[in-house]
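# Structural description and commentary
Residues per chain, in single letters:
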Amino acid sequence: MKYVLITPAHNEAAFIEKTLNSVIAQTMLPERWVIVDDGSTDRTAEIVCRYVRQYPWIELVQFPQHQGRTFVRKAVAFNAGFERIRSLAFDVIGNVDADISVEPEYFQFLLSKFAELPQLGVAGTAMREASYDAIKDSFYHASDVFGACQLFRRECFEEVGGYTPIKCGGIDWIAVRTARLKGWQTKSFCDKLFYHHRPMGETGSTTWKARFDYGRKEYLLGNHPFWQIFRVSYQMLKRPYLIGGLLLFSGYVYAFACRMKRPVDAELLKFHRKEQLSRLKCLFVRLLKTGRLELHKRS
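Let me begin by describing the structure that accompanies this report. Per chain, residues are indexed from 1 in the order of the written sequence. Residue-level local features of this predicted model are given only where pLDDT is at least 70; pairs of side-chain atoms are given and counted only at 80 or more, and the full residue set underlies all totals for whole chains, interfaces and linings. Only hydrogens and water are removed before side-chain values are computed, so all heavy atoms of the structure are retained for them.

To count toward a patch, a residue needs a relative accessible area above 30% and no salt bridge. Like charges then connect within 9 Å, nonpolar side chains (Val, Leu, Ile, Met, Phe, Trp, Tyr) within 5 Å. For the accessible areas, the method is Shrake-Rupley and the probe is 1.4 Å, while residue cover comes only from the protein chains on display. For salt bridges, the criterion is a side-chain nitrogen of Lys or Arg within 4 Å of an Asp or Glu carboxyl oxygen. A contiguous nonpolar surface patch, about 510 Å² in accessible area, is contributed by W208, Y241, L242, I243 and L246. Topologically, Y241 is positioned in the loop between α8 (225-235) and α9 (243-257). A helix here means a DSSP run of H or I that spans at least four residues, while a strand means a run of E at least two residues long, and both kinds are numbered starting from the N terminus.

Structure below.
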């Protein structure tokens, strides 16, 4: 199978070389890798240019310089990259953030899963950060695919409409759930993992503000109140104890009290909440059967 990659990047000089070295070391290289420099004011473009001169399958697209980064700009940058490769023949398209690294067999492994599973629309792997393990520290489920590294079957990507620019974030979240809504399988495989060098949600903000913003985003994306209560309770048991969960809860309640408009349509909202209630039911059924609350569904 043939694949292409797109990487939106803004001020990633501290990490992008790790990503570049990971991709050029792959046992199966992409047909094209478009890196979209979204107006960086640091050395991001300079670093990428060194690799472009050496590897003809890497392409750099540059936007005018600007300060700050937003989820809207990430979607716009990704879509600009997609326009550069739309006419190519490929089976799989990947979004790769400019602050991750993977092992050499990573993309070959995921491509083999697309070849084995005809209904697999979106695939990824487990994620790890310096002090965060996505499997141990979250409501991990095998159908969740982390946004920092997502691969789409081309037909699936085009059917869901790619990434939709949304101010609050969750562009990858919406794409994955829309894929499931349309009948595609989405899956993270635990056989491999990618390492995320910048902690999620902490770009341009403090840890405390990031937690509050996550809670607000979870309301905007439609988390069911029962799910949110359970999630907040679980996060209170994780560092920073109690405070982290309370900040999540505060962000969710704030968005509810302000009647913030959700960017999710009614059909996707209903589908998402139905999935959450189904997962909660499974959690408590396992609790009754085993006496243990197993949060990490791997398959």
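Aromatic pairing here means that ring centres of Phe, Tyr or Trp (its six-membered ring) are within 6.5 Å. Orientation follows from the plane angle: under 30 degrees is stacked, over 60 is edge-to-face, and everything else is tilted. All chains considered together, the criterion is met by 15 aromatic pairs. On the basis of an interplanar angle of 90° and a centroid distance of 5.2 Å, the ring pair of Y106 and F107 is categorised as edge-to-face. A network of ring pairs unites the aromatic residues F78, F82, F152, F157 and Y163 as a single cluster. The criterion for a charge sitting over a ring is simple: Lys NZ or Arg CZ within 6 Å of the ring centre, and within 35 degrees of the ring normal. Above the ring of F256, the side-chain terminus of R259 is found at 4.6 Å from the ring centroid.

It is worth spelling out the nonpolar core at this point. Soluble globular proteins: nonpolar side chains tend toward being buried together. For the purposes of this section, nonpolar cores are sets of buried Ala, Val, Leu, Ile, Met, Phe, Trp, Tyr and Cys residues that join through side-chain atoms within 4.5 Å. Note on exposure labels: buried denotes an accessible area under 20% of the residue type's maximum, exposed denotes more than 50%, and partly exposed covers the range between, all computed with a 1.4 Å probe on protein chains only. Core analysis: the largest hydrophobic core is formed by 40 residues, its most contacted members being I16, L20, W33, I35, F107 and F194. Here this core takes six residues from helix α4 (residues 106-116), the largest share from any one element. W33 has contacts with L5, I6, T7, T19, L20, V23, W57, I58 and E59, leaving out every residue within four places of it along the chain. Counting 32 residues, the second-largest nonpolar core is a separate cluster that includes V61, V145, V176 and L221. The contact criterion used throughout is that any non-hydrogen atoms of two residues lie within 4.5 Å.

So, about the environment of L110. Tracing the sequence through the fold places L110 in helix α4. Its relative accessible area of 0% is what places L110 among the buried residues. Separated by 79 residues in sequence, L110 and F189 have C-alpha atoms that sit 8.5 Å apart. Setting aside residues no more than four positions away along its own chain, L110 makes contact with A123, G124, T125, L151 and F189.

A rise of 1.5 Å per residue sets the reference length of helix α3 (residues 71-85), with its 15 residues, at 21 Å; its end C-alpha atoms lie 22 Å apart and thus fit the reference within 8%. If you follow the buried residues of α3, they end up packed against β1 (3-9), β2 (32-37), β4 (92-96), α5 (154-160) and α6 (171-181). Take the number of residues in a helix, subtract one, and multiply by 1.5 Å to get its expected span.

Running from N to C, helix α7 (residues 207-220) and α9 cross one another at 45°; their axes reach a closest spacing of 7 Å. The angle between α7 and α9 places the two elements in the oblique class. Here α7 and α9 pass one another in a crossing that is right-handed. Listed contacts from α9 to W208, R211, F212, Y214, G215, R216, E218 and Y219 of α7 are I243, G244, L247, L248, S250, G251, Y252, Y254, A255 and F256. Gly is placed with the polar residues, together with every amino acid not listed as nonpolar (Ala, Val, Leu, Ile, Met, Phe, Trp, Tyr, Cys and Pro) or charged (Asp, Glu, Lys and Arg). In terms of residue class, the contact of α7 with α9 is built from 11 nonpolar, four polar and three charged. All axes are obtained by fitting lines to C-alpha atoms, using only the stretch in contact for helices, and the reported angles, taken between N-to-C directions, cover 0 to 180 degrees. Should an angle fall under 35 degrees it is called roughly parallel, over 145 degrees roughly antiparallel, and 65 to 115 degrees roughly perpendicular, with every other angle called oblique. By definition, turning the near helix anticlockwise from the far helix through less than a right angle yields a left-handed crossing, and turning it clockwise yields a right-handed one.

Right, let's talk about unusual backbone geometry for a bit. A cis amide bond links R239 with the next residue in sequence, P240, at an omega value of -10°. Topologically, P240 is positioned in the loop between α8 and α9. With phi around 55°, N11 is a residue other than glycine that occupies positive phi space. Along the chain, N11 falls in the loop between β1 and α1 (16-24). Positive phi values are uncommon outside glycine, yet L242 reaches one of about 65°. With respect to the helices and strands, L242 occurs in the loop between α8 and α9.

Turning next to the environment of F63. If you trace the backbone, F63 turns up in the loop between β3 (58-62) and α3. Linking F63 and V232, residues 169 residues apart in sequence, is a C-alpha distance of 39 Å. When near neighbours in sequence (up to four residues on either side) are disregarded, F63 contacts V36, D37, D38, G39, R73, V76, A77 and A80.

These values are about where atoms sit, not about what they do.
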